[in-house]
Protein chains: 2
Amino acid sequence: MNEDLILLAHGGGGSLSKKLIGEVIIPEFHNQILEKLDDGACLTVPELEIVFTTDSYVVDPLFFPGGDIGKLAACGTINDLAMEGAQPKYMSLGLILEEGLLISDLRKVLCSMSKVLKETGVKIVTGDTKVVERGRGSGIYINTSGLGVRKQGVNAAVSNAKLGDAVILTGSIGEHGMAVMGQREGLNFKSSIESDVAPLCDLIRILLETVPEVHCLRDPTRGGVSAALNDIASSSGTGIEIQQKRVPLKDNVIGACNLLGLDPMQVANEGKAIVVCAESSSESAINCLRNNELGKDACIIGRVVSGHAGTVLVETGIGGIRILDIPSGESLPRIC
Amino acid sequence: MNEDLILLAHGGGGSLSKKLIGEVIIPEFHNQILEKLDDGACLTVPELEIVFTTDSYVVDPLFFPGGDIGKLAACGTINDLAMEGAQPKYMSLGLILEEGLLISDLRKVLCSMSKVLKETGVKIVTGDTKVVERGRGSGIYINTSGLGVRKQGVNAAVSNAKLGDAVILTGSIGEHGMAVMGQREGLNFKSSIESDVAPLCDLIRILLETVPEVHCLRDPTRGGVSAALNDIASSSGTGIEIQQKRVPLKDNVIGACNLLGLDPMQVANEGKAIVVCAESSSESAINCLRNNELGKDACIIGRVVSGHAGTVLVETGIGGIRILDIPSGESLPRIC
C-alpha cells in the first residue's frame, strides 16, 4: 500500500477496506479457509469435544521487551485453550484500529501473531476489521476467539483440585507485567526485564499425554499467581498452602517489584502455568515439564490441604504465614 | 453494585472484576456452560459442520432509534452465521469498556443482547472484559464470535451465483445507517428513522428448509446493498443487473439520503438479506419470505446475467443504466 497511516476509510467496508485486508492482513495468515473471505469459516472436527474461548487485548504500549500485542493475542488465547486441556486449532481475529496508526506497526503486530501461529499449527480462519477515530482507541485492540479440540474425559478445570495434590508452577513469575510496566512508565530497571509471553500448548499437551493425574491447569495472567490460586481454592472448595521461598523469581523482577511496591504474586504472566496434580504424579510431572524449554524451571510450590477451604496461605521466607489475597482492583492496568 | 461508573479497577482481574462479571454480566446470560466461568467453554456438536465467525462492534452512538450496540452485536453475528446457512448456537462476548461508562448503560446494552439471545436460542458461553482509560475508547466496544451448525451439503456462499438466478432483497434498505447517522449528528429527519436491526436466523432457516435452490445469501451491512452485490458478482464471476425502481425504500430514508448526498444502496442494513436463487425457485422464495414479519416486503430486484462479469449494473428509474460502485472509503464511519 502507498499509504502509511490507517484512515477511517480503511474501516468502511469499501475498496480501501478490501485493500487493507487483502494486502496487509490476509497475507500473514495464508490458509484455504480464511481465503474464502466469507463472513464465517466452515470447520470439521469429528468425534472430539470442542472448546471455545475469547479474549480482548488492550495492552499499552503495543510493543514491549519480549513481545507485542500480536504475540500476546495469539499466545493468550492459545494458552486459554491449553489450560482447558484442549489442542488449539482455529482462531478468529477482530481488529479495532485507531485512525492514524502506522500501517508498518500493524504489519509488525500481525507478523508476530503469524509467527506464533506457524509454530503451533493454529489457523486464523475468520476475522473482522474496524477503524475508530483518533482519540477513541489506542493504536490497536485485538480480540481473538479460539477453538480447540479435546479428547473426551479430559478435565483440568479449576474446580477439580483434590486434597493432597501438589501445586506446581512451570517457571519464574512476574516478568510479563513488569516488562510492560517498565516500558510504559519509561523505567530503567537495573537489568532489562523481558515478557515471558509464549504459547504453552505443546508443553501442556506432552504433560497430559505423559502424566496420568493432572487435576487443574491455570495460566496466571491478570491478577497473577495470586488470582489463579485463589480461583482454584474457591472453585475446588479446598485450601492451598504455598511456600514463598519455592516460588521462582528472578532478581530483576524482585528489584522492580520492590521499587514499585508491587507483590510479584499479583503480577501478570503470559508464559507460565499452574499445574495441580496428584502427589503420586508430581515427580513425573516435574520431569516432564523440565524437559521442555518453557518448563525448565518448573517446581512444586505447595499443596492442596483440607483446612481453610477457599483460602490460600503463604509461608513467608521469615517463617510467618499470610493470606494470599486477590487484589480488589487494578494495580497494573492494561497489562494484557 | 453501589458504584455507578466503570473504574479501571473493574478490568484488573481482581475482586472488583469478579463483582462486575458476577453481578452485571453473567445474570443477563444465565446458562450452565457460561456459569462454569472457566477460560473456555466445552461444546458438543455431533455430525454437523461447524461455522465460526467474528465481528467487533464500534457503533457511535451506543443507543440509536430501533436498537443499541448490544442488540447490534447479537444480531450482527447471528446474521453472519445465518448467511452461511448455519443455525447459530453459541456466542462469545468480548467487552472493551471505557473508564467512566455508566454501569446502568452497560446493563441496558447487555439486556438488549440477552433479549435477542432468548428469542433465537443462542447462548453466550464464554467471555472477557477489559477496561481502558477515559479517552481510549468510546463507552463500549463489543466483539462477538459465533458458532453455528450446518447440515452437510448446504452452500450459500457468495461465489455460488448461477446465470439466470433471481436476486431477491428481503425488505427496504438504508434504515440502520440513516438511524445511526441521524442520532449521531443530531439531525431532525421529518419522520424518525428506526434501525432495522433484527436476527434473521429463523427467516433464513425456514427459507432453506422450504426452497430448494438457494445459491447465495449475504447481509448488506457496511457498504450496503452495493458492496454485497459487488461481492456476489466478483466472487461468482457473473454480472448482475438490478432495477432501481424495484428496490424497496421508505420515503424517510430517501429524504434523509437526499439531504446528506448519500446513495441508499451504499448505506448499511442490519436486518436484511440478499438471496440469490434459481429462477424456478424465486416465486416460492418470495412467498416463504413474505410469510415472516422480517421478510414481508421481500421482492425480486434483479437477475444474474452472463455479460459484464464482476460488475453490477442498475437500470435507473429514468431509463438510464449506471454501474453500481462500491465506495472506496467511509461515507458513514462507525455505523456498526
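With that out of the way, let us pick up the overall build of chain A. Regarding its fold elements, chain A presents nine helices and 14 strands. Taking 2.2 N^0.38 as the reference for a compact globule, 336 residues should give roughly 20 Å; the C-alpha atoms of chain A span a radius of gyration of 21 Å, in line with that estimate. Along the first, second and third principal axes, the C-alpha set of chain A runs to 65 × 50 × 30 Å. A buried classification covers 62% of the 336 residues belonging to chain A. For chain A, contacts bridging at least 24 residues in sequence account for 86% of all contacts bridging at least 6.

One copy of the chain maps onto the other through a rotation about an axis plus a displacement along that axis. Overlaying chain A on chain B yields an RMSD of 0.0 Å, the required transformation being a rotation through 180° with an accompanying axial translation of 0.0 Å. The symmetry that links the two subunits is that of a two-fold axis. A shared binding surface is used by both copies, with 99% of the interface residues of chain A retained as interface residues in chain B.

Bringing the sheet that holds strand 8 (residues 166-169) of chain B into the picture now. Residue and element names in this part refer to chain B. Taking strand neighbours across the sheet as the criterion, the seven strands line up as 9-11-8-12-10-13-14 in an open arrangement whose pairing is mixed. Looking at which strands have only one partner, the edges of the open sheet turn out to be strand 9 (214-218) and strand 14 (321-323). The average undirected angle you get between the axes of adjacent strands in this sheet is 25°. Relative to strand 13 (residues 312-315), strand 10 (residues 239-243) is paired through four bridges, and the arrangement is parallel. Bridging from a neighbouring strand, Q243 pairs with E315 of strand 13. Seen against the sheet, helix 9 (residues 282-290) touches strand 8, strand 11 (274-277) and strand 12 (299-305) and runs at an angle of roughly 10° to strand 8.

With that settled, the discussion passes to the interface of chain A and chain B. Across the boundary between the two partners, chain A contributes 69 residues, which contact 69 residues of chain B. Summed over the shared surface of chain A and chain B, the result is six salt bridges. The tally of links from chain A across to chain B stands at 16 residue pairs in polar contact (both at pLDDT 80 or more). Only helix 1 (15-25), strand 1 (40-43), strand 2 (49-57), strand 5 (87-98), strand 6 (123-132), strand 7 (140-150) and helix 7 (224-236) of chain A provide two or more residues apiece to the side of chain A that touches chain B. Looking at side-chain class alone, the side of chain A that touches chain B contains 27 nonpolar, 23 polar and 19 charged residues.

Right, let's get into the packing of aromatic side chains. Going through the model one piece at a time under the given rule, you end up with one aromatic pair over all chains. Ring geometry for F52 of chain A and F52 of chain B: centres 6.3 Å apart, planes at 85°, overall edge-to-face. Here F52 of chain A, found in strand 2, pairs with F52 of chain B, found in strand 2 (residues 49-57), and the two come from separate chains. Like F52 of chain A, the residue F52 of chain B is buried in the burial classification. Positioned above the aromatic ring of F63 of chain A, the side-chain terminus of K108 of chain A is 5.4 Å from the ring centre. The ring of Y57 of chain A carries K130 of chain B above its face, with NZ or CZ at 5.7 Å from the centroid.

Now for the domain arrangement of chain A. Residue and element names in this part refer to chain A. Domains assigned within chain A are domain 1 (8-150) and domain 2 (158-323). Computed from C-alpha coordinates alone, the two centres of domain 1 and domain 2 are separated by 27 Å. With 23 residues of domain 1 at the contact, the number on the domain 2 side is 21 residues. Between domain 1 and domain 2, roughly 1,800 Å² of surface is buried when both sides are summed, and carbon and sulfur atoms account for 66% of that area. A per-residue breakdown of the area domain 1 buries against domain 2 is headed by P65, N79 and M83, which together make up 33% of the total.

Here we take up the state of the cysteines. Residues and elements named next belong to chain A. What the rule picks out here adds up to zero disulfides over all chains. No disulfide involves C111; its sulfur sits 13 Å from the nearest other cysteine sulfur, which is in C75. For the unlinked cysteine C257, the closest cysteine sulfur is that of C336, found at 16 Å. Of the residues examined, C257 reaches a relative accessible area of 2% and is grouped as buried.

The next subject is helix 3 (residues 69-83) of chain A. All names here are of chain A. An ideal rise of 1.5 Å per residue puts 21 Å on 15 residues; helix 3 measures up with 20 Å between its terminal C-alpha atoms. With a side-chain oxygen lying 2.9 Å from the backbone nitrogen of G70, the N-terminal cap of helix 3 falls on D68. Following helix 3 by one or two positions, G85 has its phi on the positive side, about 80°.

Per-residue pLDDT for chain A has a mean of 91; in total, 95% of the residues score no lower than 70. Across the assembled chains, the prediction reports ipTM 0.90 with pTM 0.91.

This part takes up helix 4 (residues 103-120) of chain A. Look at helix 4 of chain A: 26 Å from first C-alpha to last across 18 residues, which is about the 26 Å you get at 1.5 Å a residue. Along helix 4 of chain A, the positions that sit buried rather than exposed are I103, D105, L106, V109, L110, S112, M113, S114, V116, L117 and T120 of chain A.

On to the pairing of strand 2 of chain A, then. All names here are of chain A. Within strand 2, nine of the nine residues are buried, leaving the element largely enclosed by the surrounding structure. When strand 2 meets strand 7, the two strands line up antiparallel, connected through nine bridges. Bridging from a neighbouring strand, S56 pairs with N143 of strand 7.

That bond from D60 of chain A to P61 of chain A is cis: its omega, 5°, falls within 30 degrees of zero. If you trace the backbone, P61 of chain A turns up in the loop between strand 2 and strand 3 (63-64).

Residue and element names in this part refer to chain B. Looking at the secondary structure, you find E175 in helix 5 (residues 175-185). Residue classification places E175 among the buried positions, given a relative accessible area of 5%. When neighbours within four sequence positions are excluded, E175 is seen to be in contact with I193, E194, S195, D196, K250, V253, N269 and K272.

Cut-off values and rules
- Residues numbered from 1 in each chain as written.
- Chains lettered and ligands numbered in written order.
- Predicted model: local features only at pLDDT ≥ 70, side-chain atom pairs only at ≥ 80, totals over all residues.
- Heavy atoms only, no water.
- Helix = DSSP H or I, 4+ residues; strand = E, 2+ residues; numbered from the N terminus.
- Rg over C-alpha atoms; globule rule 2.2 N^0.38 Å.
- Buried < 20%, exposed > 50% of the residue type's maximum accessible area, 1.4 Å probe, protein only.
- Contact = heavy atoms within 4.5 Å.
- Least-squares fit on C-alpha atoms with pLDDT ≥ 70 in both.
- Pairing = 2+ DSSP bridges.
- Axes fitted to C-alpha atoms, helices over the stretch in contact; angles between N-to-C directions.
- Salt bridge = Lys/Arg side-chain N within 4 Å of Asp/Glu carboxyl O.
- Polar contact = N/O pair within 3.5 Å; in protein donor to acceptor, adjacent residues only side chain to side chain.
- Nonpolar A, V, L, I, M, F, W, Y, C, P; charged D, E, K, R; others polar.
- Phe/Tyr/Trp six-rings, centres within 6.5 Å; stacked < 30°, edge-to-face > 60°.
- Lys NZ or Arg CZ within 6 Å of the ring centre and 35° of its normal.
- Domains from an automatic or database assignment.
- Buried area = accessible area lost by both parts, 1.4 Å probe.
- Disulfide = S-S within 2.5 Å.
- Expected span 1.5 Å × (residues − 1).
- pLDDT = per-residue confidence, 0-100.

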